[in-house]
Amino acid sequence: MNETSLTLSFDALKNGQLGISAVYGSFLAEAASHCLRCNNHLNPVLLYITGDVCRPGSLKWSDVTDEDEGTWADLQEATEYGAYGVAIIIALPLTETPHVERSAKGTGVDYWVGEGTDPRGIFQRTARLEVSGILKGDKTKIAARLKEKLAQTRRSDKAGLPAYVIVVDFGVPEARFIKSTAETE
């Protein structure tokens, strides 16, 4: 499906408006911005959203400084957390849901996607989100990572919810977005 361009920024993530704290959201945004800076991208950057949805996005990322280098010297960690930030701000508008909740280890997914909490304070899950990041890859690496992550989501198939897998490649940059359901796997 081809649609109009998405305008993306980390503002809601950094302000704690998406179901996770402002501190954690800022951390994810800074990691993503560092990865984009490492790849010498302009700000804003054209982000290609591919997979089940083919749509360009314009991503305004956060300013990073030379001082941030010490925080993100571990590029593998920066890529992992940065991919979470990018995936969240892509997944919520594409799934038409307003919030995420961090998942516990062992579930096969990184986040639960949903409407927020009910009056009892219980998060209302509507989907699962698994994320992977690549600092600078190619189509073969993205495809292999996507296959791995789709298989990983099977651990939580009993939840009966669709799973979205997003692989973020900061090199292009590209975000491959795929929806999987327990029935189709």
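Overview of the structure. (Residues numbered from 1 in each chain as written. Predicted model: local features only at pLDDT ≥ 70, side-chain atom pairs only at ≥ 80, totals over all residues. Heavy atoms only, no water.)

Some details on the pattern of salt bridges
Thought 1: As enumerated under the stated definition, the model contains 8 salt bridges in all.
Thought 2: For D66, the salt bridge is made with R37, and the minimal N-O distance between the two is 2.6 Å. With D66 in the loop between β3 (55-60) and α3 (75-95) and R37 in helix α2 (residues 22-38), this pair connects stretches of sequence that are 29 residues apart.
Thought 3: Note on D66: relative accessible area 59%, which makes it exposed.
Thought 4: Linking R102 and D110 is a salt bridge whose minimum nitrogen-to-oxygen distance equals 3.8 Å.
Thought 5: A relative accessible area of 35% means that R102 is categorised as partly exposed.
Thought 6: A single salt-bridge network, built from bridges that share partners, covers R37, D66 and E69. (Salt bridge = Lys/Arg side-chain N within 4 Å of Asp/Glu carboxyl O. Helix = DSSP H or I, 4+ residues; strand = E, 2+ residues; numbered from the N terminus. Buried < 20%, exposed > 50% of the residue type's maximum accessible area, 1.4 Å probe, protein only.)

What to know about the layout of surface pockets
Thought 1: There is about 340 Å³ of room inside the largest pocket.
Thought 2: Taken together, 23 residues form the lining of the largest pocket, with E80, Y84, D110, E130 and K149 sitting closest to its centre.
Thought 3: Among the elements of the structure, α3, β6 (123-134) and α4 (139-152) are those that each provide at least two residues to the lining of the largest pocket.
Thought 4: The element contributing the most residues to the lining of the largest pocket is β6, with 5 residues.
Thought 5: Grouping the constituent residues of the lining of the largest pocket by class yields 6 nonpolar, 7 polar and 10 charged. (1 Å grid on protein atoms, 1.4 Å probe; cavity = no way out; pocket = protein on both sides within 12 Å on 5 of 7 lines; lining within 4 Å. Points joined across faces, edges and corners; volume = space filled by probe spheres on them. Nonpolar A, V, L, I, M, F, W, Y, C, P; charged D, E, K, R; others polar.)

Observations concerning the side chain of S62
Thought 1: Residue position: S62 is located in the loop between β3 and α3.
Thought 2: According to the relative accessible area criterion, S62 is buried, its value standing at 12%.
Thought 3: Side-chain polar atoms of S62 contact the side chain of K14, separated by 3.2 Å.
Thought 4: Residues within four places of S62 in sequence aside, it is in contact with F10, K14, A29 and S33. (Polar contact = N/O pair within 3.5 Å; in protein donor to acceptor, adjacent residues only side chain to side chain. Contact = heavy atoms within 4.5 Å.)

Focus: the nonpolar core
General note: in soluble globular proteins, nonpolar side chains tend to be found buried as a group.
Thought 1: If you look at the biggest cluster of nonpolar residues, it comprises 43 residues, and the most contacted ones within it are F10, L13, V86, I88, I90 and I166.
Thought 2: Where this core is concerned, the elements lending two or more residues are β1 (6-9), α2, β2 (45-51), α3, β5 (111-117), β6, β7 (163-169) and β8 (174-180).
Thought 3: Per-element accounting of this core gives the leading share, 11 residues, to α3.
Thought 4: Excluding residues that lie within four positions of it along the chain, V86 makes contacts with F10, A32, L47, L59, V168 and F170.
Thought 5: By size, the runner-up hydrophobic cluster in this structure holds 7 residues, among which are I134, L146, L150 and I178. (Core = buried A, V, L, I, M, F, W, Y, C linked by side-chain atoms within 4.5 Å.)

Structural notes on α4
Thought 1: Taking 1.5 Å per residue, 14 residues should reach 20 Å; α4 reaches 20 Å between its end C-alpha atoms and fits that length.
Thought 2: Taken together, the buried positions of α4 are occupied by I142, L146, K149, L150 and Q152. In an axial view of α4, the angular spread of the buried residues amounts to 150°, which keeps them on one side of the axis. Exposed positions of α4 whose direction lies more than 90 degrees from the buried face are T140 and K147.
Thought 3: Buried residues along α4 sit in contact with β6, β7 and β8.
Thought 4: A side-chain oxygen of the first residue of α4 lies 3.1 Å from the backbone nitrogen of T140; this N-cap is D138. (Expected span 1.5 Å × (residues − 1). Arc of directions from axis to C-beta.)

Things to note about the side chain of R128
Thought 1: For R128, the location among the structural elements is in strand β6.
Thought 2: Polar side-chain contacts of R128 include one of 2.8 Å to the backbone oxygen of T153.
Thought 3: Contact partners of R128, with chain neighbours within four places excluded, come to V109, Y111, W112, T153, S156, D157, L161, P162, A163, Y164 and S180.

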